[in-house]
Amino acid sequence: MGSNADRPTSPAAALGGRLVQLVGDHDAARFSREVSRVCVEPHLTEGRPEYGDVLAWVVDAIVDVVNARLGAAGPGERFILDLRFTDGAPVDVDDLPESERWVLRTVAAFLAEEVAEGEQLLAAAEHRFDLAMRAETLTDALIWLDFILDVDLPDPPDVITA
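As the structure is a computational prediction, the values presented were derived from the model and not from experiment.

## Details of helix α5 (residues 115-128)
Next up, step 1: If you check α5, its first and last C-alpha atoms are 19 Å apart, about what 14 residues at 1.5 Å a residue would give, namely 20 Å.
Next up, step 2: Every buried residue of α5 is accounted for by Gly118, Leu122, Ala124 and Ala125. Around the axis of α5, the buried residues are gathered within 155° of arc, so they sit on the same side. Exposed residues pointing more than 90 degrees away from the buried face of α5 are listed as Ala116, Gln120, His127 and Arg128.
Next up, step 3: Contacts made by the buried residues of α5 are with α3 (51-70), α4 (98-111) and α6 (131-150).

This is the structure we're talking about:
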């Protein structure tokens, strides 16, 4: 998945950024209204970005933030997402709600540079999820993005390149 850096003002990026801001502002009413509008098919308003484009932007932004914060995986290396509860107990991915599992698996696929798998997961979200699942998935992805933007992480390690 490529970065949206070359199109930071695309309709999907603009809406995604606005949704992240609403999450950060805890503006539940406006957030719910905006998420509902983007999840409805067909779009009722001309020029609104498609659900799949907004969701892809959010996933891409998560991947970009993780890479920026931790550095890209080196040759022969992979990211391992180890989720833990606040008490330190491991999170069983299979016990997560379907929308949270989808976000985790999709982000993990792109972090592992398994682009075909990530694109299949994005296509499934766009074409097979019902309205409620679309809203839950987009909301979970936006909450994750907002969270990782706010997390203090150490500077990435220096990588020696040849």
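Additional details are given in the paragraphs that follow.
## Re the packing of aromatic side chains
Next up, step 1: Scanning the entire structure with this criterion turns up one aromatic pair.
Next up, step 2: Both rings, one in tryptophan 102 and one in phenylalanine 129, keep their centres 6.3 Å apart while their planes meet at 75°; by these two values the pair is edge-to-face. Of the two residues, tryptophan 102 is situated in helix α4 and phenylalanine 129 in the loop between α5 and α6; the sequence distance between them amounts to 27 residues. Take tryptophan 102 and phenylalanine 129: they sit in the same class, and that class is buried.

## Thoughts on α4
Next up, step 1: With 14 residues, α4 ought to run about 20 Å at 1.5 Å a step, and its terminal C-alpha atoms sit 20 Å apart, in line with that.
Next up, step 2: Every buried residue of α4 is listed here: Ser99, Arg101, Trp102, Val103, Leu104, Thr106, Val107, Ala109, Phe110 and Leu111.
Next up, step 3: For α4, the elements touching its buried residues are α3, α5 and α6.
Next up, step 4: Glutamate 113 occupies a position one or two residues after α4 and carries a positive phi of about 60°.

Definitions and cut-offs
- Residues numbered from 1 in each chain as written.
- Predicted model: local features only at pLDDT ≥ 70, side-chain atom pairs only at ≥ 80, totals over all residues.
- Heavy atoms only, no water.
- Helix = DSSP H or I, 4+ residues; strand = E, 2+ residues; numbered from the N terminus.
- Expected span 1.5 Å × (residues − 1).
- Buried < 20%, exposed > 50% of the residue type's maximum accessible area, 1.4 Å probe, protein only.
- Arc of directions from axis to C-beta.
- Contact = heavy atoms within 4.5 Å.
- Phe/Tyr/Trp six-rings, centres within 6.5 Å; stacked < 30°, edge-to-face > 60°.

Nothing here speaks to function; it is all geometry.
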